[in-house]
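For reference, the chains in residue letters:
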Amino acid sequence: MLLLPCLVVYVVLALIPLGYTIWLSLVSMWRPGETNVYFVGGENYVKVLTDPTTLYSLRITLIYTVIAVAVEIVLGLIIGALMYESTIIRKTLTPILVIPLGIPPITVGLIWRFLLHPDFGAFTYWLRTTFGLNVNYAVHGDQAFTLTVVMDIWQWTPLVAFIVLGGLLAIPTEYVESFMIDGAGFFRRLTSLYTRMIRSNLAFAIILRFMDSFKVFDQVWMLTQGGPGMATQYASIFLYRLGLISWNLSQAAALSLVILIIVMIVSNVVVKLMKR
């Protein structure tokens, strides 16, 4: 009886929406309340997986996610290890690293939008006067892509660092002391001891960040709205335009399930690799 409320919440918030999405992907429906709805089977999936725009969106989303997550894991591992080994560094960095995590993603996008404004942005002015770099992400697609990646790294590297720190604090101090006695330097301890002892934490961080980065929307929409052109039209932005602007609900449902399958496959691969 104690589990009944949890089961009700799970069914209402997870199973029913999932079932409706699966049904929606197998029929032809353009707008809510449409009466001319008919079964089309896997036609929506075929259209989604053969559409060049959809494939491009999935490809740049995958590239964005791989770069962002890889950098966040490496930086988070280094920062977390430094915080673990030095109490002074931990006390100094903790309040600083908490700041990005406490800002909503949509606000992060708005802040970066003002800082990187081509005409009066403080950061673009500094880059232009100091290094002679003209940053205009509204025109150059490569700059827009790079800035969205850097924005994600800036906000979520602290989360990885805290996950790493939590795992390192559970390591028996005898292991670390034995490595130090053997004269192992920081990076040897990092690669030979820390990464092996916190593999489950790293797997959790990779999966968590991959899932979140693959469905990035808020901050990118506030900064670039998917532009210029399709340079930052990641899967979630394309899904929004497909389902809520073009009102192609059935293909949008099919695409959302494709994204779900991709995330599940990558998560299972990461878990199996980290178990080796």
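Computed from a predicted structure; not experimentally measured.

Participant: Even after reading the chapter, I still don't get the packing of aromatic side chains, so can you show me in this structure?
Facilitator: Taken as a whole and assessed by the stated rule, the structure comprises 12 aromatic pairs. Ring geometry for Trp221 versus Tyr240: centroids 5.3 Å apart, planes at 75 degrees, classification edge-to-face. Here Trp221 is found in helix 11 (residues 218-223), whereas its partner Tyr240 is found in helix 12 (residues 235-245), with 19 residues between them in sequence. The rings of Tyr64, Phe145 and Tyr234 are connected pair by pair, giving a single aromatic cluster.

Participant: Mind showing me how you'd approach the side chain of Asn248 here?
Facilitator: Relative to the helices and strands, Asn248 resides in the loop between helix 12 and helix 13 (249-275). Exposure remark for Asn248: the relative accessible area of 7% places this residue in the buried category. Among the polar contacts made by the side chain of Asn248, one reaches the main-chain amide nitrogen of Gln251 at a distance of 3.4 Å. Setting aside chain neighbours within four positions, we find Asn248 in contact with Met29, Trp30, Leu242 and Gly243.

Participant: So what exactly am I meant to see when it comes to the packing of helix 8 (residues 173-181) against helix 9 (residues 186-197) here?
Facilitator: Geometrically, a packed helix pair is captured by the angle between its two axes and the distance between the axes. Relative orientation of the contacting elements helix 8 and helix 9 amounts to 165 degrees, with a least axis distance of 11 Å. Between helix 8 and helix 9, the angle is such that the two are roughly antiparallel. Between helix 8 and helix 9 the crossing geometry is right-handed. Across the interface between the two elements, Tyr175, Val176, Phe179 and Met180 of helix 8 pack against Arg189, Ser192, Leu193, Tyr194 and Met197 of helix 9.

Participant: Hey, could you run me through the pattern of salt bridges in this one?
Facilitator: It is possible for side chains bearing opposite charge to pair when their charged atoms get close. Here the structure, examined in full by the defined rule, presents six salt bridges. The closest approach of N and O atoms between Arg209 and Asp152, which form a salt bridge, is 2.9 Å. A residue pair is termed long-range when its members are at least 10 positions apart, and Arg209 in helix 10 (residues 199-214) and Asp152 in helix 7 (residues 141-168) qualify at 57 residues. Each member of the pair, Arg209 as well as Asp152, carries the same accessibility label: buried. Note that Lys215 and Asp212 form a salt bridge whose closest N and O atoms lie 3.3 Å from each other. Classification of Lys215 by relative accessible area gives exposed; the value is 53%. Three or more residues joined by partner-sharing salt bridges are found here, namely Glu72, Asp152, Arg209, Asp212 and Lys215.

Reading guide: rules and limits
Residues numbered from 1 in each chain as written. Predicted model: local features only at pLDDT ≥ 70, side-chain atom pairs only at ≥ 80, totals over all residues. Heavy atoms only, no water. Phe/Tyr/Trp six-rings, centres within 6.5 Å; stacked < 30°, edge-to-face > 60°. Helix = DSSP H or I, 4+ residues; strand = E, 2+ residues; numbered from the N terminus. Buried < 20%, exposed > 50% of the residue type's maximum accessible area, 1.4 Å probe, protein only. Polar contact = N/O pair within 3.5 Å; in protein donor to acceptor, adjacent residues only side chain to side chain. Contact = heavy atoms within 4.5 Å. Axes fitted to C-alpha atoms, helices over the stretch in contact; angles between N-to-C directions. Parallel < 35°, antiparallel > 145°, perpendicular 65-115°, else oblique. Left-handed = near helix turned anticlockwise from the far one by under 90°. Salt bridge = Lys/Arg side-chain N within 4 Å of Asp/Glu carboxyl O.

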